[in-house]
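# Summary of the model geometry
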Amino acid sequence: MTTSDLPAEGQPDVSTENTEAPFDDVITLSTSTGENGAVTVTVVGEVDTFTAPVLRSTLDSQLEQQPSELVIDLSGVQFLGSAGLAVLVETQKSARSREVALRLIATTRAVTRPLEVTGLIDLFTIADSPAR
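Residues numbered from 1 in each chain as written. Predicted model: local features only at pLDDT ≥ 70, side-chain atom pairs only at ≥ 80, totals over all residues. Heavy atoms only, no water.

Going by an unreviewed UniProt entry, the protein carries the name Anti-sigma factor antagonist and comes from Blastococcus saxobsidens. In its Sequence similarities (unreviewed entry) section, the UniProt entry covering the protein states "Belongs to the anti-sigma-factor antagonist family." (UniProt positions renumbered as here; feature names shortened; annotations may be inferred.)

What follows is the structure, given as structure tokens:
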């Protein structure tokens, strides 16, 4: 091993071996139901081309249950790509057709910026916390 093989001082040792993580490690979804019948789906991680179908499936199955309200908590999302935006728009349409209120919890720039830049932010009711 030469000194060029060692990480620079103060730099993390970033190995290229086994860096491919399974897709389910990139996104974590959890669901809870409040006393008022509102369902909250909490999303943590990155919503991109690979993880958006998992999110879509979860949101669709929750909408099929006809909750009083569907809350999508995106406060733990570090990246929201175009596939994620598409899932949110499709979920909004589906919720509207089922007469289910939809609310997004968006507290980070990683979520609000893509919504603002695309002009989609006006389609949604945005909150900065789970409470109304």
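So much for the structure itself; the text now carries on.
## Here's the deal with the side chain of Gln62
Here Gln62 shows up in helix 1 (residues 52–64). Setting aside anything within four residues of it in sequence, one finds Gln62 in contact with Thr31, Val39, Val41, Pro67 and Leu70. (Helix = DSSP H or I, 4+ residues; strand = E, 2+ residues; numbered from the N terminus. Contact = heavy atoms within 4.5 Å.)

## Description of the environment of Ser30
Inspection of the secondary structure assignment puts Ser30 in strand 1 (residues 27–33). On the basis of relative accessibility, which here comes to 39%, the residue Ser30 falls in the partly exposed class. The sequence separation of Ser30 and Thr42 amounts to 12 residues, and the corresponding C-alpha distance is 5.2 Å. Ignoring sequence-local partners within four residues, the contact set of Ser30 consists of Thr40, Val41 and Thr42. (Buried < 20%, exposed > 50% of the residue type's maximum accessible area, 1.4 Å probe, protein only.)

## Digging into the sheet that holds strand 2 (residues 39–47)
Pairing in this open sheet of five strands is mixed, and the strands run 1-2-3-4-5 from one edge to the other. Unpaired on one side and paired on the other, strand 1 and strand 5 (125–127) mark the two borders of the sheet. Going across the sheet, the axis of each strand differs from the next one's by a mean of 20°, ignoring polarity. Against the sheet, helix 2 (residues 82–97) engages strand 2, strand 3 (69–80) and strand 4 (101–105), with an angle of about 175° to strand 3. (Pairing = 2+ DSSP bridges. Axes fitted to C-alpha atoms, helices over the stretch in contact; angles between N-to-C directions.)

## Considering the pattern of salt bridges
All told, the structure shown has three salt bridges when counted by the stated rule. In this structure, Arg56 engages Asp60 in a salt bridge whose closest nitrogen and oxygen atoms are separated by 3.1 Å. Of the two residues, Arg56 and Asp60 are both situated in helix 1; the distance of four residues between them amounts to about one turn of the helix. Judged by its relative accessible area of 28%, Arg56 falls in the partly exposed class. Here Asp60 falls in the partly exposed class, since its relative accessible area comes to 22%. For Glu90, the salt bridge is made with Arg56, and the minimal N-O distance between the two is 2.0 Å. In this pair, Glu90 is assigned in helix 2 and Arg56 in helix 1, connecting sequence segments 34 residues apart. Overall, Glu90 belongs to the partly exposed group, its relative accessible area being 33%. One continuous salt-bridge network, built from bridges that share partners, spans Arg56, Asp60 and Glu90. (Salt bridge = Lys/Arg side-chain N within 4 Å of Asp/Glu carboxyl O.)

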